[in-house]
Amino acid sequence: TGSVGTPWVKYTTASSWTDITPSGMTNTPYSMKAFKGNVYAASYDYTNKQVEIYKSVDDGTTWTAITGMIIGEPDLEFIDLVEYRDASGQAAILLHVPSGLYLLDLSAENIQRITDFGGDGAVTANFTFGSAREFGGNLYLARKNKLFEFHYTGPWQDISPVTNARIDSSVVPPKSVVSALDVGGPWLFVTLTSTTGSSVW
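Predicted model, so just to flag it, every value in this text is computed and none were measured.

A.B. asks: What am I meant to see in the environment of Ile93 here?
C.D. replies: Looking at the element boundaries, Ile93 is found in strand β8 (residues 91-97). Since its relative accessible area comes to 0%, Ile93 is described here as buried. Excluding residues within four positions of it along the chain, Ile93 makes contact with Lys33, Phe35, Tyr40, Leu81, Val82, Tyr102, Leu103 and Leu104.

Listed below in structure tokens is the structure:
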């Protein structure tokens, strides 16, 4: 994104990167995901306080807003498109925002809320983008000081070591946030961050 919010997209073919000025995208994109031959972008409309989904069929050169894929989102703390599964276990794109987790129904071109995680807004200025990972068949989502384990059939739970007192508060401050996730071999790695430092578990 440029200094005044103009969207820019970079893509690569082999080892070369090209700057392009995409046409058709009104608002700045915060997350993109390639899926089944197309590219999808989640952008934020600051004027109307809503998330909008765009689609590109030409590798990001031109974008079209998907009319039925708009949701109100008063607090822009994070927007993340995640590839996971729908309720039947088929590959799908999910939208993760403070108000919850949504399914992008690409065939019907609408957005369906899956869960609001019990009304947990997850608002924090320290959130790191891209904090969602699939691991062992579940989807793990960082939401402020909480770490949610979600299964595509519906069940979810907060498994955060911070909110569930699984880590000594003298080692990790209680106000720590789950700022990053990654998967390596048989392990899910979690970064906990506070004003006094960060640690990986």
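A.B. asks: Honestly, unusual backbone geometry in this entry has me stumped. Any pointers?
C.D. replies: Trans peptide bonds make up most of the peptide bonds, and negative phi angles are found at most residues other than glycine. Phi at Lys36 takes a positive value of approximately 50°, unusual for a residue other than glycine. Its location among the elements puts Lys36 in the loop between β3 (29-35) and β4 (38-45). With relative accessibility at 68%, the residue Lys36 sits in the exposed group. With a phi angle near 50°, Lys49 is a residue other than glycine that sits in the positive phi range. Summarising the element assignment, Lys49 is placed in the loop between β4 and β5 (50-56).

A.B. asks: What am I meant to see in the packing of aromatic side chains here?
C.D. replies: In this description, an aromatic ring pair is defined by two values, namely the gap between the centres and the angle between the planes. This structure, assessed with the given rule, holds seven aromatic pairs. For the ring pair Tyr84 and Tyr152, a centre distance of 6.2 Å and an interplane angle of 65° mean the geometry is edge-to-face. You can see Tyr84 sitting in strand β7 (residues 80-85) and its partner Tyr152 sitting in the loop between β13 (146-150) and β14 (156-158), a full 68 residues away along the chain. Joined through ring pairs, the aromatic side chains of Tyr84, Phe150 and Tyr152 make up one cluster.

A.B. asks: When you look at the nonpolar core in this model, what are you seeing that I'm missing?
C.D. replies: Grouped burial of nonpolar side chains is what soluble globular proteins tend to show. Val51, Ile53, Leu81, Leu95 and Leu104 are the most contacted members of the largest nonpolar core, which has 17 residues in total. Elements with a minimum of two residues in this core: β4, β5, β6 (64-72), β8 and β9 (100-105). When near neighbours in sequence (up to four residues on either side) are disregarded, Leu104 contacts Ile53, Met69, Leu81, Ile93, Leu95, Asn110 and Ile111. Membership of the second largest hydrophobic core comes to 12 residues, among which are Val82, Tyr84, Leu139 and Phe148.

A.B. asks: I'm lost on the pairing of β9 in this one. Help?
C.D. replies: Within a regular beta strand, the side chains point alternately toward one face of the sheet and then the other, so they alternate between its two faces. Burial analysis of β9 places six of its six residues in the buried class, the great majority of the element. For β8 and β9, the ladder comprises five bridges, and the chain directions are antiparallel. If you follow Ile93 over to β9, its bridge partner there is Leu104. In textbook terms, the turn of a hairpin is the stretch between consecutive antiparallel strands, and for β8 and β9 this stretch comprises two residues. Two strands pair when backbone bridges link them, and β9 and strand β10 (residues 110-115) are joined in this way by five bridges, in the antiparallel orientation. Bridge pairing links Leu104 to Ile111 in β10.

A.B. asks: Explanation requested: the pattern of salt bridges in the structure shown.
C.D. replies: Between side chains of opposite charge, pairing is possible as soon as their charged atoms come close. A full pass over the atoms with the stated rule returns two salt bridges. For Glu134, the salt bridge goes to Arg85, with nearest N and O atoms at 2.3 Å. With Glu134 in strand β11 (residues 132-135) and Arg85 in strand β7, this residue pair connects regions lying 49 residues apart in the sequence. According to the relative accessible area criterion, Glu134 is partly exposed, its value standing at 36%. By relative accessible area, which is 23% here, Arg85 ends up partly exposed.

Parameters and conventions
The residue numbers shown here count from 1 along each chain, following its written sequence. Local features in this predicted model are restricted to residues of pLDDT 70 or higher, and side-chain atom pairs are both shown and tallied only at a pLDDT of 80 or more, whereas totals for entire chains, interfaces and linings draw on every residue. Only hydrogens and water are set aside when side-chain values are computed; all heavy atoms of the structure are taken into account. A helix here means a DSSP run of H or I that spans at least four residues, while a strand means a run of E at least two residues long, and both kinds are numbered starting from the N terminus. Burial classification: accessible surface area is computed with a 1.4 Å probe over protein chains only, and a residue below 20% of its type maximum counts as buried, one above 50% as exposed, and the rest as partly exposed. By definition in these notes, contact holds between two residues if any of their heavy atoms fall within 4.5 Å. Any pair of Phe, Tyr and Trp rings, taking the six-membered ring for Trp, is counted once the centres come within 6.5 Å. Such a pair is stacked with planes under 30 degrees apart, edge-to-face with planes over 60 apart, and tilted for the rest. Take the buried Ala, Val, Leu, Ile, Met, Phe, Trp, Tyr and Cys residues and link them wherever side-chain atoms come within 4.5 Å; each set so joined is a nonpolar core. Pairing between two strands is assigned when DSSP locates at least 2 bridges connecting them. Put simply, a salt bridge is a Lys or Arg side-chain nitrogen that is within 4 Å of an Asp or Glu carboxyl oxygen.

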